Amino acid sequence: AKRPLRMPSGSRSPSPTRSEVGSDYWDPPCRVCKKVDNEPNVLCELCNGAYHLACIHNVKPPLPRTPEDEEWFCRGCIKRGVPEAIIDRVGRYSAAFYLVKWLGKPSWDVSWEDAATLDTP
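Everything quoted here is computed from the prediction, not taken from an experiment.

**A short note on the overall build of the protein**
Item 1. Helix and strand counts for the protein stand at 4 helices and 5 strands.
Item 2. Its helices and strands in sequence order give the protein the pattern α-β-β-α-α-β-β-β-α, from N to C terminus.
Item 3. Looking at the protein as a whole, 27% of its 121 residues are labelled buried.
Item 4. Put simply, 27% of the contacts in the protein that link residues at least 6 apart link residues at least 24 apart.
Item 5. When the accessible surface of the protein is totalled, it reaches about 8,500 Å², and 53% of it is carbon and sulfur.

Structure, rendered in structure tokens:
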């Protein structure tokens, strides 16, 4: 399930207030500054970690994707490995091996991975 990007006020899709969604709604603490507040944030698609847009704005080196992209991943998940593209496949089903281009890595830095590693059917 995709988590919506929390946009700054006045943007195309403002976030609901606590009174609008009830007491079960809460913002997790930012993984950079550790604060819980109403500042706009984005959630990592893999680990669900919350990051204030202001906290990741000037990250060096810049992350390969921006919070405006459809999917956003934090630096920790990118370091662990996020498949960006499947370039080739050998075999079928659970015996298949895939040539994977990894997000944030140079285009020549690819590897063969088995179906179980990539969690593919």
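**Here's the deal with the pattern of salt bridges**
Item 1. For the structure on display, the rule yields 2 salt bridges.
Item 2. In this structure, the salt-bridge partner of Glu-71 is Arg-65, at a minimum N-O distance of 3.7 Å.
Item 3. You can call Glu-71 partly exposed: its relative accessible area is 31%.
Item 4. Since its relative accessible area comes to 22%, Arg-65 is described here as partly exposed.

Conventions we followed
- Residues numbered from 1 in each chain as written.
- Predicted model: local features only at pLDDT ≥ 70, side-chain atom pairs only at ≥ 80, totals over all residues.
- Heavy atoms only, no water.
- Helix = DSSP H or I, 4+ residues; strand = E, 2+ residues; numbered from the N terminus.
- Buried < 20%, exposed > 50% of the residue type's maximum accessible area, 1.4 Å probe, protein only.
- Contact = heavy atoms within 4.5 Å.
- Areas by Shrake-Rupley, 256 points an atom, 1.4 Å probe, with all protein chains shown as cover.
- Salt bridge = Lys/Arg side-chain N within 4 Å of Asp/Glu carboxyl O.

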